[in-house]
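# Examination of the molecular architecture
These are the residues of each chain, in order.
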Amino acid sequence: MDLFEYARKEVLKKAAPLAARMRPKGLEDFFGQEEIVGPGSLLRRSIEGDQFSSAIFYGPPGSGKTTLAQVIANSTKAHFEELSAVTAGIADLKKVIQEAKDRLGMYNQKTILFIDEIHRFNKGQQDALLPAVEDGTLILIGATTENPYFEVNSALLSRSRIFRLQTLSQEDIKKILLRALDDREQGLGGYRVQINEDALNHLADMAGGDARIALNALELAVTTTPPQEDGIRHIDLKVAEQSIQRRAVKYDKKGDYHYDIVSAFIKSMRGSDPDATLHWMARMLDAGEDPEFIMRRIIICAAEDVGLADPEALKYAMAAAQALAYVGLPEARLPMASAALYVACAPKSNAVIKGIDGALSDVKVRPTGEVPMHLRDAHYQGAKKLGHGKHYQYPQDYPGNFIAQQYLPEELAGTIYYHPTENGLEKKILDRLKKLGLR
């Protein structure tokens, strides 16, 4: 590196955002993720012993994926290379792989390759990596916010350990912010800052577990607040609110958060929790989720989890879908919320889905038999001569509009698919079936 390049990098370091300057150099300064980097953990032992093997760090933004990679870079004797999947192509990969081969052959030095946003590599790029990872030419560290089991080549996955990083807690964020306020070399220690507890809590809470957002908000708060007569910059709640303004919405309509939030929404309706149902619906609406997608989930839940315990639930859901098509958002949030709340508060039964799935399973694997003669169509010419409809008993001609007769094929006689519960309307259905001798 020439002097001009070195000088340029030093200037960039000083001008970098606080979040970049405060990136920990070692594990002693790394906060959070105790499960995977706490004392005695596999990852910590491999970093401290410089015995690192290929890994993929998977977790939300600001949880420490890139930071962990940098900690490994600072502690390993291996050569460390870094690529971004956003800008790197196959030619860049080939160059890194060839240099790694040369380095291993001439100096017996391993190469660790860190690829940020590895999920952005297409199949061809991931395939190009595979032989070098397979034969040990490269030790791969991939970082991704997307579920690697959906986005990363299965062959690469099988040769890598997956470490899932969790959203940082409010306490972790507070520790990171206080460290930045104390650090005179890379942080804000050169300023005389007094931050109120409620302001610190607000920054930590509104960052939504993203250390990067919290640090950048803190830097903005400190650098834009003039010192008072005593020379101290006082950061109160109002300043903190202005600096961070809004929590980052963790939601990607094609990503892992999408599936997790949708799952939480459905499970909250199924679990009869109206408040959680509204929370997850609000998260989806706020993030710009397709409202028709939300309505389809409500309709499915009404049919699957409420069923005949309260048939009105499906009617409410269908009416809300019609209202959405007619008036659109934002007004349609009201019928949508009404339908979701109705489904959440309704009595629950999965007897319908168990019944139809059981019947479908039988149709696929069991002998289904012929249609009994008395149930066959007897309307066309010659049908009666074939015995179609013979001995059929018309239920409307009998007391209570019911007469016991066999409706299933002979092979399935006596099979029961529908088991009504004791919940809601299904209790009445069950009582009637028992009265008729069908249960």
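Every value quoted in this text rests on a predicted model; they were computed, and no experiment measured them.

## Some details on the pattern of salt bridges
Considering all chains together, one arrives at 15 salt bridges under this definition. For Arg179, the salt bridge goes to Asp29, with nearest N and O atoms at 4.0 Å. With a gap of 150 residues between them, Arg179 in helix α10 (residues 170–182) and Asp29 in the loop between α2 (18–21) and α3 (34–37) connect regions that are remote in the sequence. Accessibility expressed as a relative area gives 18% for Arg179, which makes it buried. Note that Lys123 is salt-bridged to Asp127, the shortest N-O span being 2.9 Å.

## Section: the nonpolar core
Buried together is how nonpolar side chains tend to be arranged in soluble globular proteins. By size, the foremost hydrophobic cluster in this structure holds 28 residues, and its most contacted members are Leu177, Ile195, Leu203, Leu215 and Leu218. Top element by residues in this core is helix α12 (residues 211–223). It accounts for seven residues. Setting aside chain neighbours within four positions, we find Leu177 in contact with Leu200, Leu203, Ala204, Ala214, Leu215 and Leu218. Residues Met284, Cys301, Ala332 and Ala339 belong to the second largest nonpolar core, which totals 25 residues.

## Description of the side chain of Gln33
Relative to the elements of secondary structure, Gln33 occurs in the loop between α2 and α3. At 3.2 Å, the side chain of Gln33 and the backbone oxygen of Ser63 are in polar contact. Side-chain polar atoms of Gln33 contact the backbone oxygen of Gln166, separated by 2.6 Å. Residues within four places of Gln33 in sequence aside, it is in contact with Gly38, Ser63, Leu165, Gln166 and Leu168.

## Here we look at the UniProt feature "domain: AAA+ ATPase" (unreviewed entry) in the chain
The sites that carry the UniProt feature "domain: AAA+ ATPase" (unreviewed entry) are, in the present numbering, residues 51–168. With 42% helix and 22% strand, residues 51–168 has end C-alpha atoms that lie 27 Å from one another.

## Structural notes on the sheet that holds strand β1 (residues 55–58)
Across a sheet, paired strands are connected by hydrogen bonds in the backbone, their directions being either parallel or antiparallel. Reading across from one edge, β2-β3-β4-β1-β5 is the order of the five strands in this open sheet, with parallel pairing throughout. Each edge of the open sheet is held by one strand with a lone partner, namely β2 (79–84) and β5 (161–164). Each strand axis lies, on average, 15° off the axis of its neighbour in the sheet, ignoring direction. As paired strands, β1 and β5 are joined by four bridges and run parallel to one another. Across the sheet, Phe57 pairs through a bridge with Phe163, a residue of β5.

## Quick notes on the pairing of strand β4 (residues 139–144)
In terms of residue burial, β4 counts as a mostly covered element, since six of its six residues are buried. Residues Ile139, Ile141 and Ala143 of β4 are buried on one face, and the alternating residues Leu140, Gly142 and Thr144, pointing to the opposite face, are buried as well. Examined bridge by bridge, strand β3 (residues 111–116) and β4 share five bridges and lie parallel to one another. Among the inter-strand pairings, Leu113 is bridged to a residue of β4, identified as Leu140. You can see the chain leave β3, run along helix α7 (residues 123–134) and come back into β4, and the turn it takes is right-handed.

Rules used throughout
Residues numbered from 1 in each chain as written. Predicted model: local features only at pLDDT ≥ 70, side-chain atom pairs only at ≥ 80, totals over all residues. Heavy atoms only, no water. Salt bridge = Lys/Arg side-chain N within 4 Å of Asp/Glu carboxyl O. Helix = DSSP H or I, 4+ residues; strand = E, 2+ residues; numbered from the N terminus. Buried < 20%, exposed > 50% of the residue type's maximum accessible area, 1.4 Å probe, protein only. Core = buried A, V, L, I, M, F, W, Y, C linked by side-chain atoms within 4.5 Å. Contact = heavy atoms within 4.5 Å. Polar contact = N/O pair within 3.5 Å; in protein donor to acceptor, adjacent residues only side chain to side chain. UniProt positions renumbered as here; feature names shortened; annotations may be inferred. Pairing = 2+ DSSP bridges. Axes fitted to C-alpha atoms, helices over the stretch in contact; angles between N-to-C directions. Right-handed = clockwise from strand over helix to strand, strands pointing away.

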